[in-house]
Amino acid sequence: MAIASAMNSADVRLDVLKAMRASPRVDHSLILGEYLAGPKAENFLGASAAAVDLTAEELLAMVRGLPELEFVVPFAGHRSWTGTSQIVRPMCRDP
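Here is a short report on the structure shown in this document. What you see is a predicted model, and the numbers here were worked out from it, not measured in a lab.

Another point: helix α4 (residues 42-51). Of the positions making up α4, those classed as buried are F44, L45, S48 and A49. For α4, the angular spread of buried residues about the axis comes to 120°, placing them on one side. More than 90 degrees from the buried face of α4, the exposed residues found are E42 and A50. Check the buried side of α4 and you find it contacts α1 (2-6), α2 (10-22), α3 (32-37), α5 (56-64) and β2 (70-71). Trailing α4 by a residue or two, D53 shows a phi angle of about 60°, which is positive.

So, about the pattern of salt bridges. Summed over all chains, the structure comprises one salt bridge. Note that E70 and R25 form a salt bridge whose closest N and O atoms lie 3.2 Å from each other. Taken as a pair, E70 in strand β2 and R25 in the loop between α2 and β1 (30-31) lie far apart in primary sequence, 45 residues in all. Classification of E70 as partly exposed rests on a relative accessible area of 41%. Among the residues examined, R25 registers a relative accessible area of 34% and is labelled partly exposed.

The rules behind the values
- Residues numbered from 1 in each chain as written.
- Predicted model: local features only at pLDDT ≥ 70, side-chain atom pairs only at ≥ 80, totals over all residues.
- Heavy atoms only, no water.
- Buried < 20%, exposed > 50% of the residue type's maximum accessible area, 1.4 Å probe, protein only.
- Helix = DSSP H or I, 4+ residues; strand = E, 2+ residues; numbered from the N terminus.
- Arc of directions from axis to C-beta.
- Contact = heavy atoms within 4.5 Å.
- Salt bridge = Lys/Arg side-chain N within 4 Å of Asp/Glu carboxyl O.

Shown next as structure tokens:
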């Protein structure tokens, strides 16, 4: 929830986009803990922390306490799916 809420900001999205474009990783992903600790993620960290009523330091400590998390944005071909009212279908039907 924290990250999704922060990504609601156009400024945060632009910062993340720039960081991902600059990433040396093949898929241009980021390691979340490393990125959040960097100076270019200040807005992202602050907005994420505020969304869950934590300080930036508390959220960063929480993320660093987790296994390494890769932060990715799916490429365009994976973002085209949309749900429908028929997405959940019963496994079996009553006779």
